[in-house]
Amino acid sequence: MLGLVVLLGICSIVMACCIKFVVLLFSIWNGRSKITNSSYAPGWNERPKDLKIGDLDKIKKHGSLHNYLLHLHQNGDKSIAVFWWGQQRVVSICSPDMFKDVIKLTDRPKELFTLLEPIITADSIQYANGQEWENRRKWLYQALRPPFLRSYIPIFVKIANETADLWSMLGATDVIELPDEFLSMTIKGITRTCYGNVFDNAEEVYNMTHVYYELYDEIEQLLKTGPHDVGSVREKQLHAICEKMKRKLQDVIDKRCNEQDKRSIPFIDALLQSGIPEKQVIAEALTFLIGGLHNTGYLLAWTVHYLTINKHVYHELLTEMKSRVGSNCTEKLKNYIFDPNTCLRYVINESLRLTVISSFAARYSEDDIFVGGHLIPARTPILMALGVSLRSESNWKAPEKSCSYITLNTIYLHGIYLADKIFGKLLKFWHWQA
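Not measured: the values here are computed from a predicted model. (Residues numbered from 1 in each chain as written. Predicted model: local features only at pLDDT ≥ 70, side-chain atom pairs only at ≥ 80, totals over all residues. Heavy atoms only, no water.)

Turning our eyes to something else, we now look at unusual backbone geometry. Even without being glycine, Gln74 reaches a positive phi, approximately 55°. With respect to the secondary-structure elements, Gln74 resides in the loop between helix H3 (65-72) and strand E1 (80-85). According to the relative accessible area criterion, Gln74 is partly exposed, its value standing at 48%. Although it is not a glycine, Thr121 sits at a positive phi angle of roughly 70°. Mapping Thr121 onto the fold places it in the loop between helix H5 (117-120) and helix H6 (130-143). On the basis of relative accessibility, which here comes to 15%, the residue Thr121 falls in the buried class. (Helix = DSSP H or I, 4+ residues; strand = E, 2+ residues; numbered from the N terminus. Buried < 20%, exposed > 50% of the residue type's maximum accessible area, 1.4 Å probe, protein only.)

Within the structure shown, the criterion is met by 18 salt bridges. Note that Lys248 and Glu204 form a salt bridge whose closest N and O atoms lie 2.8 Å from each other. With Lys248 in helix H10 (residues 233-258) and Glu204 in helix H9 (residues 202-225), this residue pair connects regions lying 44 residues apart in the sequence. The same class applies to Lys248 and to Glu204, which are both buried. One salt bridge in this structure joins Arg234 and Glu218, with 3.3 Å as the shortest N-O distance. (Salt bridge = Lys/Arg side-chain N within 4 Å of Asp/Glu carboxyl O.)

Core analysis: the largest hydrophobic core is formed by 83 residues, its most contacted members being Phe83, Ile119, Tyr195, Leu215, Met245 and Leu249. Broken down by element, this core gets its largest block of residues, 10 residues, from helix H12 (residues 278-309). For Met245, the residues in contact, after removing those within four places along its chain, are Met208, Val211, Tyr212, Leu215, Leu286 and Leu289. Ala41, Trp44, Leu105 and Met384 belong to the second-largest nonpolar core, a separate cluster that totals 18 residues. (Core = buried A, V, L, I, M, F, W, Y, C linked by side-chain atoms within 4.5 Å. Contact = heavy atoms within 4.5 Å.)

Compared with an ideal rise of 1.5 Å per residue, which puts 24 residues at 34 Å, H9 spans 35 Å between its outermost C-alpha atoms and is within 8% of the ideal. For H9, the set of buried residues is Glu204, Val205, Met208, Thr209, Val211, Tyr212, Leu215, Tyr216, Glu218, Ile219 and Leu222. The inward-facing, buried residues of H9 contact H5, helix H8 (178-194), H10 and H12. Residue Asn201 occupies the N-cap position of H9, its side-chain oxygen lying 2.7 Å from the main-chain nitrogen of Glu203. Following H9 by one or two positions, Gly226 has its phi on the positive side, about 85°. (Expected span 1.5 Å × (residues − 1). Polar contact = N/O pair within 3.5 Å; in protein donor to acceptor, adjacent residues only side chain to side chain.)

This next bit is on the pairing of E1. Within E1, five of the six residues are buried, leaving the element largely enclosed by the surrounding structure. Note: E1 against strand E2 (residues 88-93), six bridges, orientation antiparallel. Note on E2: the bridge partner recorded for Ile80 is Ile93. Hairpin connection from E1 to E2: two residues lie between these consecutive antiparallel strands, with Gly86 at a positive phi of about 65°. (Pairing = 2+ DSSP bridges.)

Pairing within the open sheet is mixed, and its four strands lie in the order E1-E2-E6-E3. Since the sheet does not close on itself, it has two edges, and those belong to E1 and strand E3 (361-363), each with one partner. With direction set aside, neighbouring strand axes in the sheet form an average angle of 30°. In the sheet, E2 pairs with strand E6 (residues 382-384) via three bridges, with the strands oriented parallel. Note that in E6 the partner of Ser92 across the bridge is Leu383. (Axes fitted to C-alpha atoms, helices over the stretch in contact; angles between N-to-C directions.)

This part is about helix H13 (residues 311-324). When the terminal C-alpha atoms of H13 are compared, their 20 Å separation across 14 residues agrees well with the 20 Å that a helix rising 1.5 Å per residue should span. Taken together, the buried positions of H13 are Val313, Tyr314, Leu317, Leu318, Glu320 and Met321. On an axial view of H13, the arc spanned by its buried residues comes to 165°, and they lie on one face. Opposite the packed face of H13, turned more than 90 degrees from it, sit the exposed residues Lys311, Thr319 and Ser323. In the stretch just after H13, Gly326 is the one whose phi turns positive, near 65°. (Arc of directions from axis to C-beta.)

Set out below in structure tokens:
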């Protein structure tokens, strides 16, 4: 029972990190590589056979944009490439050195994210650029500062204990569906910490879960088939489900405004006090709900999977947690979670790498810029193929294998600070071997 509680405690910690993770993908660092020539990127002048769909058919053939980028970059051997997103030419890069050339950029090309616009709406922070982005970023970072994140830990521990109690009643032959179980934990964790006291009620959590699953089914359909035809049954169904979710979030906001005995909930309170229009409040709440739930839930499931197939790491992690925390789930646990030099942090970082939670980020410059010595004309979308970098043999030994989990006393650091300040703060992806 203790091992199960500790294991679920690990999951609660990952949930805390993922709340930061979704937001801090926007964090960026300074620096430029040397300009070696003024040529365009290789393949710049090549045109697709069909100028209307560009390379979208190839992306569909490969099953996902991430898989297509792996093919395009030859699994990381080719650091820069060009492809067509419909009628828009896009430059894709996967080299950490090239990331330094664009990491100062904050404007995101809206055309690469239009597929989600019917769901998160055009008012979402996902489509904010320039000064509007800067203004909205301020309240966002303020709401997710470490002191606030520390206050979430007791809630995550309570959820972990609730789940442990349920699992302890299962029989030896009962099957635990990890994605479903951890998505349920994640929904409880995110709604209770970020959206209000209303989700202390189990029925409210259940209702939100039901609506969310309906919505995510529609998102998966969009990703598979592309935009629905105007006026089609699928478009009307998507619109109806989106409206249902918006009404649910509106109800959450109304109840939060009318609560008499309020505990501090920095995220929703920052939204309500930001001065942005109500439709933007709904859009932001919806964006972070969708962005956080599946990313966190699936990361939790994969982290537990990696630990089950690397039992020496699990036992070392369990030993470390017993030593550092014991049964004290308050201040000792909080200090342990935010310590960057622990086995726990290595496990979380490696899980982020192996799972490829976010396969790409995208930016553009208002002016011509040089990336890796190649000229990129103004307003050209520049896609940072993070997932390719995380699977490149140039950066990692045996990048596809979860056996990259190594005990602390056999780790050596290779000095690749790929994710430092891409994922925010001091989350470093290390290149290690036995």
